[in-house]
Every structure is written in structure tokens, then in C-alpha cells.
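Chains, contacts and geometry: an overview
The chain contents come next:
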Amino acid sequence: MAYVQRVAVNDDFGGDATLVLNITPSAGSLLALGFAWEVASGFAISSVADNQGNTWTAAAAAAATGVIDKVAGYYAMNVAGAATTITVTLTGAPDRFRGRVHEYSGRALTGALDIAKAQGQTNPGTGTDAVTTGTASVTADGCDIMGFSSESNDQPVYTAGTNYTLGGTLTGTADERRENVSAGSHAATFTINSGAADPTTLMMAFAPPAAGGQPTSKRFGGVPSMSFPGRNNVW
């Protein structure tokens, strides 16, 4: 049960109603997707899909409209193990369109989303962990948390929040993760270098198998693998 990899895309050239992220996950993994675009564009989400037929579910509580950007979170459980092209489509083409996808192994196959939270802030400042989703109650021990934040106007430089690992930064955006957290109150936080910025931030927490089912690979048609003591074979 672990974070595996990430993909980051910033489309800051405008003219595109779609954002495309390419990733090759292992069969049975969970993919967590956060993306952002400008509030001023007035555009809405049209669809989120991929070329492998995975089912993408909106984490409704991970959507927020800030001063500058809107953010939204989606996830796909028990995905196919193949080269995957994820396409996010809006109702129009914003000037800036940004996204991050994380792969996690060993997450629940059903009901994987434990909690989600998002909010926009006006000038939270440069203090440690000042950029935040606000807290939410994680219900299951062992959850993995993804955080994502965007500010496409002032475009501050981000650093990871306390106890988080920074995935990476691109202009005015960042993603982070925290693994195997205990049940209780949590928030995704970041620190930025500009007191004038108005970031919008999301987090999603995903439950371990005990909360939603035993991990199995799609290549075996949903049948759990079996091993026998003293043998190397896996069936």
C-alpha cells in the first residue's frame, strides 16, 4: 500500500478545452486526479475519461471556486494496467489549465474515497501552512492523502505542508502527498512565497483495503491471487 508515481501537466498557453495526462499504472491501482482552471473563464467540467475504460468518479467535496482558480478532484479505482491517457474536457478553452495525477497501490477497490475537502483563500499570506483546505475528519486508519493547489494569476512558489512530501511544482501550482495517516482531523497545507496570492486547494484521502475490499488485479478478472507456503508459484 503505497504511493507509486505522479504526472504533472500545466497548459498555460490557452486555446485548449482539454487537458491530457499520460500515465502507465499497475493493474488494480488507484489514480487520484486534481485539476484547476481560471474562474474568470466561466467554463465548467464537461467530462473526465480515459482510453482504458476506467470509471472516473467526482470527489464532490474536493471542488471549490476561489478568487482566481477553480479546482476539482476525481479518482478511478482498480484501474487497468496499461498506458492510460486521461482527458479532462471543459465547456470551453481557458487560458490556464493545470492537472496532477497520483498513482497509489493497495487502496480499496470500492468506496476508496474516505474524505475530500477544498477551499479558495484570499491572501492567506506567507506563513507556514497558511495555504490550506481546512480540516476534515479522516475516518479510517492508514489512509493516503493527495493535496493539490493552484494560483494562476500571481503564480507563487509553493513548498509542501508540514508532514507532507512535495510531489513537485510547476508555475503557480503544486502537489503533495502524505501516506498512512491515522484517523482524525487532517488538512492539506502548503506554504507560498507571495502574500498577494489567492490560492485554491484540494485534498482527497483514500482508504486501505480493510475499508473497502481486497486488492485484486484486473488481469485476473477480480479473483484474488493465492500463494502457498514453501512455494514460489502465485496463482
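It should be noted that the structure appears before, not after, this text.
First, a word on scope: everything that follows refers to the structure included in this document.

Re the packing of aromatic side chains
Applying the stated criterion across every chain yields a total of 6 aromatic pairs. Ring centres 5.8 Å apart and planes at 25° place the aromatic pair Phe-35 and Trp-37 in the stacked group. Neither residue differs from the other here; Phe-35 and Trp-37 are each classed as buried. Site record: aromatic cluster; members linked through ring pairs are Tyr-3, Tyr-75, Tyr-104 and Phe-206. The ring of Tyr-3 has Arg-177 lying over it, and the distance from NZ or CZ to the ring centre is 3.7 Å.

A few points about the pattern of salt bridges
Within this structure, the stated rule accounts for 5 salt bridges. A salt bridge links Arg-98 to Asp-12; the nearest nitrogen and oxygen atoms lie 2.9 Å apart. Taken as a pair, Arg-98 in strand E9 (residues 97-105) and Asp-12 in the loop between strand E1 (2-11) and strand E2 (18-23) lie far apart in primary sequence, 86 residues in all. Since its relative accessible area comes to 1%, Arg-98 is described here as buried. Note on Asp-12: relative accessible area 25%, which makes it partly exposed. Measuring nitrogen to oxygen at the nearest pair gives 3.7 Å for the salt bridge that ties Arg-177 to Glu-179.

Side note on the side chain of Glu-176
Position of Glu-176 among the secondary structure elements: in strand E16 (residues 173-181). An unpaired buried charge is present at Glu-176: no salt bridge exists, and Arg-178, the closest side chain of opposite charge, is 8.9 Å distant. A polar side-chain atom of Glu-176 sits 3.0 Å from the main-chain amide nitrogen of Gly-161.

Observations regarding the environment of Pro-124
Inspection of the secondary structure assignment puts Pro-124 in the loop between strand E10 (113-120) and strand E11 (131-132). Overall, Pro-124 belongs to the partly exposed group, its relative accessible area being 22%. Linking Pro-124 and Asp-198, residues 74 residues apart in sequence, is a C-alpha distance of 7.2 Å. Residues within four places of Pro-124 in sequence aside, it is in contact with Ala-130, Val-131, Ile-192, Ala-197 and Pro-199.

Focus on the sheet that holds E10
Overall, antiparallel pairing links the 5 strands, which are arranged E10-E19-E13-E16-E15 in an open sheet. Edge positions in the sheet fall to E10 and strand E15 (165-170), since each has one partner strand and no second. Sheet twist, expressed as the mean angle between neighbouring strand axes with direction ignored, is 10°. Sheet topology places E15 next to E16; 5 bridges connect them, and they run antiparallel.

A word on the sheet that holds E11
Backbone hydrogen bonds hold the strands of a sheet together, and the pairing may be parallel or antiparallel. Ordered in space as E11-E18-E14, the 3 strands form an open sheet in which the pairing is antiparallel. Both outer strands of the open sheet, E11 and strand E14 (158-160), are each paired with one neighbouring strand and no more. Sheet analysis places E14 next to strand E18 (residues 189-192), joined by 3 bridges and oriented antiparallel. Following the sheet pairing, Ala-160 is matched in E18 by Phe-190.

Notes on unusual backbone geometry
For Asp-129, which is not a glycine, the phi torsion comes out positive at approximately 65°. Along the chain, the position of Asp-129 falls in the loop between E10 and E11. Owing to a relative accessible area of 22%, Asp-129 belongs among the partly exposed residues under this scheme. Positive phi is not limited to glycine here, since Asn-163 has a value of about 75°. Structurally, Asn-163 is set in the loop between E14 and E15.

Some points on the side chain of Ser-194
With respect to the element layout, Ser-194 can be found in the loop between E18 and strand E19 (200-206). In this structure the side chain of Ser-194 is engaged in a polar contact, spanning 2.4 Å, whose partner is the side chain of Asp-154. Here Ala-196 takes part through its backbone nitrogen, which lies 3.2 Å from a polar atom of the side chain of Ser-194. The residues touching Ser-194, leaving out its near neighbours within four places in the chain, are Gly-125, Thr-126, Asp-154 and Pro-156.

Notes on the pairing of E18
Going residue by residue along E18, you find Thr-189 and Thr-191 tucked away on one face and Phe-190 and Ile-192 tucked away on the opposite face as well. In this structure, E11 lies alongside E18, joined through 2 bridges in antiparallel fashion. Note that in E18 the partner of Val-131 across the bridge is Phe-190.

Definitions and cut-offs
- Throughout, a residue's number is its position along its own chain's written sequence, starting from 1.
- For this predicted model, a pLDDT threshold of at least 70 governs which residues receive local features, and a threshold of 80 or more governs which side-chain atom pairs are given and counted, while totals over whole chains, interfaces and linings are taken from all residues.
- Only hydrogens and water are removed before side-chain values are computed, so all heavy atoms of the structure are retained for them.
- When two rings of Phe, Tyr or Trp (its six-membered ring) have centres within 6.5 Å they constitute a pair, described as stacked for plane angles under 30 degrees, edge-to-face for angles over 60, and tilted for the intermediate range.
- Here the term buried applies to any residue with accessible area under 20% of the maximum for its type, exposed to any over 50%, and partly exposed to those in between, with areas from a 1.4 Å probe on protein chains only.
- Placement of a positive charge over a ring is assigned whenever Lys NZ or Arg CZ falls within 6 Å of the ring centre and within 35 degrees of the normal to the ring plane.
- In the sections that follow, a salt bridge refers to a side-chain nitrogen of Lys or Arg positioned within 4 Å of a carboxyl oxygen of Asp or Glu.
- Strands here are runs of E lasting at least two residues and helices are runs of H or I lasting at least four, both read from the DSSP assignment and numbered beginning at the N terminus.
- Counted charges follow a simple rule, with Lys and Arg positive, Asp and Glu negative, and His plus the chain ends left uncounted.
- Counted as a polar contact is a pair of N or O atoms within 3.5 Å, where, for protein atoms, one must be capable of donating a hydrogen and the other of accepting one, and residues adjacent in sequence contribute only when both atoms are in side chains.
- Whether two residues touch is decided by their heavy atoms; if any such pair falls within 4.5 Å, the residues are in contact.
- Strands are treated as partners if at least two bridges between them are detected by DSSP.
- Lines fitted to C-alpha atoms define the axes here, with helix axes fitted over just the stretch in contact, and angles between the N-to-C directions of these axes take values from 0 to 180 degrees.

These values are about where atoms sit, not about what they do.
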